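# Structure assessment
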Amino acid sequence: MTKEEVLECLPYGPSFLFVDALDHIDNEGATGHYTFHPEMECYKGHFIKYPVTPGVLLTEVMAQIGLVCLGIYITADMETCKGRSFALTSSEVHFRLPVFPGEKVTVISEKVYFRFGKLKCKVKLNNSEGKEVCSGIISGMIITRPTNA
Amino acid sequence: MDQETLIAAIKEIVKPYTKNEEALNNISENTDFVNDLQINSANLVDIILDVEEKFNIVVDNDSMERMLNVKAAIEIIQSKLAGQ
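All values reported here derive from a predicted model rather than from experimental measurement. (Residues numbered from 1 in each chain as written. Chains lettered and ligands numbered in written order. Predicted model: local features only at pLDDT ≥ 70, side-chain atom pairs only at ≥ 80, totals over all residues. Heavy atoms only, no water.)

## A word on the confidence of the model for chain B
The test is simple: The predictor attaches a confidence to each residue, called pLDDT, with possible values from 0 through 100.
Of all residues in chain B, 99% have pLDDT values of 70 or greater, and the mean over the chain is 94. Across the whole predicted complex the pTM is 0.92, and at the interface the ipTM reaches 0.89.

Written out as structure tokens, the structure reads:
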């Protein structure tokens, strides 16, 4: 699959898609990026008069690029990818720097293993200056949701 | 390797993944990983990888699907060890 084909297979709608593009993908890892739109609803409340990107959303960007894109690439082709996804089973992420509205972040993921349907990855998220914002271990199990649902 | 040694080794391996300490303390051949120890499917994979490392064996897909309780785990470990 190409980088563009992987994106076509992602199971997310516009309100919860946190991948703009992939920069590189192979069986061992994936790199991709996302820019947080300054008008996102969550910034009005997180926090009042001091918008900072919530850590759960940074984790989501890491999971969508580092786990789901990589998992789809490893396990599917264009015929089989509809409905294919990975259910998050664990994440342990350490945060170092804040991400403000409008910032572009880059995710770099390395496969630790893919066995018996479980994908475990070492994932890092950098800001546009190349500084590490957060990093950790994210795992998920392969799932196929009904395509007619 | 005898039954008792194997159960003790399995107990150590599953310890970090179990939610039910009482069931872990009472672990026996009849203990089920999912129903008794409340281990999820993702952690079952980790347990199998830890079993592979501990006993220096390779678990295939068929064995993996059967390895849902202590009894099955013992049988699989013993048969893999015997086959070496």
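Continuing now.
## Focus on the pattern of salt bridges
Residue and element names in this part refer to chain A. Counted only if it meets this: By salt bridge we mean one thing: a side-chain nitrogen of Lys or Arg within 4 Å of a carboxyl oxygen of Asp or Glu. Put simply, DSSP H or I for four residues or longer makes a helix, DSSP E for two residues or longer makes a strand, and each gets a number counted from the N terminus. Each residue gets one of three labels from its accessible area relative to the maximum for its type: buried under 20%, exposed over 50%, partly exposed in between, using a 1.4 Å probe on protein chains only.
Tallied over the entire structure, the rule returns eight salt bridges over all chains. Linking K111 and E28 is a salt bridge whose minimum nitrogen-to-oxygen distance equals 3.6 Å. Taken as a pair, K111 in strand β4 (residues 104–115) and E28 in the loop between β1 (21–26) and β2 (29–35) lie far apart in primary sequence, 83 residues in all. Overall, the relative accessible area of 25% leaves K111 in the partly exposed class. A salt bridge links K44 to E41; the nearest nitrogen and oxygen atoms lie 3.2 Å apart. The exposed category is assigned to K44, whose relative accessible area is 58%.

## A look at the packing of aromatic side chains
All names here are of chain A. Our working definition: Within 6.5 Å between ring centres, the rings of Phe, Tyr and Trp (the latter by its six-membered ring) count as paired, and their orientation is classed by plane angle as stacked under 30 degrees, edge-to-face over 60, tilted in between.
Counted according to the given criterion, the structure contains six aromatic pairs over all chains. Aromatic side chains F16 and F18 sit 5.0 Å apart centroid to centroid with 85° between the ring planes, which places their arrangement in the edge-to-face category. Judged by centre distance (6.4 Å) and plane angle (40°), the rings of F18 and F36 are tilted. One end of the pair, F18, is in the loop between α1 (3–9) and β1; the other, F36, is in the loop between β2 and α2 (55–75), and 18 residues separate them in sequence.

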